[in-house]
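Chain by chain, the residues:
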Amino acid sequence: LDLHNKLVEALSKELGIPVKTFNGSESFEEQRELFSRAKIFVGPHGAGFANLVFTSNPIPAVELLTPQIGDRLWQMLGAHSFRHPLPWWPVLVKSLSDEDAILGQVVSVAKKAYLYHYQGRDDELAGSQD
């Protein structure tokens, strides 16, 4: 399995929710629908985060950052406050070549972000029926 598939599998298992993948080939309506129903957003730094404008409420955003991007965190903080207060959870990794470290860090932070954000809201916790 490549890193993406490993992350999808691990996140689904740890969060107890289905994980959908955004690959950029979706229609505008499909994108809007996907992000309007999202409970958490996990991904590498990039333009995909612009889709957070489609969320109806703030959702945890777990962003994978490399050292080159991480040096500009002050810019990132301003960029992520464009719609509503965003529960932003940056994950700074030393190297993109260490897949085990990336997998461990991202899954750990995503689980913390998800539980912290939805703690006490039983209707939105993993395992509830939509």
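Residues numbered from 1 in each chain as written. Predicted model: local features only at pLDDT ≥ 70, side-chain atom pairs only at ≥ 80, totals over all residues. Heavy atoms only, no water.

**Comments concerning the confidence of the model for the chain**
Here is step 1 of the chain: For the chain, mean pLDDT is 81; residues scoring 70 or higher make up 78% of the total.
Here is step 2 of the chain: In the model, residues 122–130 has pLDDT below 50 throughout and makes 14 contacts with residues more than four positions away in sequence or in other chains. (pLDDT = per-residue confidence, 0-100. Contact = heavy atoms within 4.5 Å.)

**Digging into the packing of helix α1 (residues 3–15) against helix α5 (residues 99–118)**
When two helices pack together, their arrangement is given by the angle between the helix axes and by the axis-to-axis distance.
Here is step 1 of the chain: Running from N to C, α1 and α5 cross one another at 30 degrees; their axes reach a closest spacing of 10 Å. At the point where α1 passes α5, the crossing takes the right-handed sense. For the pair formed by α1 and α5, the contact residues are Leu-3, Lys-6, Leu-7, Ala-10, Leu-11, Glu-14 and Leu-15 on the first element and Glu-99, Ile-102, Leu-103, Val-106, Val-107, Ala-110, Lys-111 and Tyr-114 on the second.
Here is step 2 of the chain: Class assignment of the residues belonging to the contact of α1 with α5 gives a composition of eleven nonpolar, no polar and four charged. (Axes fitted to C-alpha atoms, helices over the stretch in contact; angles between N-to-C directions. Helix = DSSP H or I, 4+ residues; strand = E, 2+ residues; numbered from the N terminus. Left-handed = near helix turned anticlockwise from the far one by under 90°. Nonpolar A, V, L, I, M, F, W, Y, C, P; charged D, E, K, R; others polar.)

**Some remarks on the side chain of Glu-26**
Here is step 1 of the chain: Tracing the backbone shows Glu-26 in the loop between α1 and α2 (28–36).
Here is step 2 of the chain: One buried charged residue, Glu-26, remains without a salt bridge, the closest side chain of opposite sign being Lys-20 at 10 Å.
Here is step 3 of the chain: A polar contact of 3.1 Å, which involves the side chain of Glu-26, links it to the backbone nitrogen of Asn-23.
Here is step 4 of the chain: When sequence neighbours within four positions are dropped, the list of residues in contact with Glu-26 reads Thr-21 and Gln-31. (Buried < 20%, exposed > 50% of the residue type's maximum accessible area, 1.4 Å probe, protein only. Lys, Arg positive; Asp, Glu negative; His and termini not counted. Salt bridge = Lys/Arg side-chain N within 4 Å of Asp/Glu carboxyl O. Polar contact = N/O pair within 3.5 Å; in protein donor to acceptor, adjacent residues only side chain to side chain.)

**A short note on α1**
Here is step 1 of the chain: Taking 1.5 Å of rise per residue, 13 residues should cover 18 Å, and α1 covers 18 Å from first to last C-alpha, within 8% of that figure.
Here is step 2 of the chain: The inward-facing, buried residues of α1 abut β1 (41–44) and α5.
Here is step 3 of the chain: Just downstream of α1, Gly-16 is the residue with a positive phi angle, here 70 degrees. (Expected span 1.5 Å × (residues − 1).)

**Points about the nonpolar core**
Here is step 1 of the chain: Ranked by internal contacts, the top residues of the largest apolar core, which has 30 residues, are Ile-40, Leu-52, Val-62 and Val-91.
Here is step 2 of the chain: Going through the elements one at a time, α1, β2 (61–65), β3 (88–92) and α5 are the ones with two or more residues in this core. (Core = buried A, V, L, I, M, F, W, Y, C linked by side-chain atoms within 4.5 Å.)

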